[in-house]
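# Per-entry structural report
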Amino acid sequence: MLSTYLPGIISYNYYRMTILLIWSIGLVLTLRAIIEICQLNVPANKRFIAITIVILTSWFGAFFYTFYAKDRMHTWLKCTMITYH
């Protein structure tokens, strides 16, 4: 009897692990974006707005920042970048 339910259980667990993996990647990218935005040399209110936009747009914001806006953020916020050597 259990063998008839086993494929469904395996499929469901695989689905849950895939969702957890995707969620974890999005969380890491969002945290990384927040840390990098905090390092910009801009007034706190501009940083707060940029961080809020990334968080509120969730996955799209994290991927947009990581793959497109990361190199352009300092230009958009009219700031100088802090570089660590």
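A brief report on the enclosed structure follows. (Residues numbered from 1 in each chain as written. Predicted model: local features only at pLDDT ≥ 70, side-chain atom pairs only at ≥ 80, totals over all residues. Heavy atoms only, no water.)

As a further point, take the packing of aromatic side chains. Applying the stated criterion to the full structure yields one aromatic pair. Aromatic side chains Phe64 and Tyr68 sit 5.3 Å apart centroid to centroid with 40° between the ring planes, which places their arrangement in the tilted category. One end of the pair is Phe64 and the other is Tyr68, both in helix H3 (residues 58–69) and four residues apart, which spans about a single turn. Exposure remark for Phe64: the relative accessible area of 43% places this residue in the partly exposed category. (Phe/Tyr/Trp six-rings, centres within 6.5 Å; stacked < 30°, edge-to-face > 60°. Helix = DSSP H or I, 4+ residues; strand = E, 2+ residues; numbered from the N terminus. Buried < 20%, exposed > 50% of the residue type's maximum accessible area, 1.4 Å probe, protein only.)

The probe, sized like a water molecule, is rolled over the atoms to show the empty space still left. In this structure, the largest pocket spans a volume of roughly 150 Å³. If you trace the largest pocket, you find 13 residues lining it, with Ala50, Ile53, Val54, Phe64 and Met73 closest to the centre. Those elements that place two or more of their residues in the lining of the largest pocket are helix H2 (44–56), H3 and helix H4 (73–76). For the lining of the largest pocket, the leading source of residues is H2, giving five residues. Classifying every residue of the lining of the largest pocket by side-chain character gives 10 nonpolar, two polar and one charged. (1 Å grid on protein atoms, 1.4 Å probe; cavity = no way out; pocket = protein on both sides within 12 Å on 5 of 7 lines; lining within 4 Å. Points joined across faces, edges and corners; volume = space filled by probe spheres on them. Nonpolar A, V, L, I, M, F, W, Y, C, P; charged D, E, K, R; others polar.)

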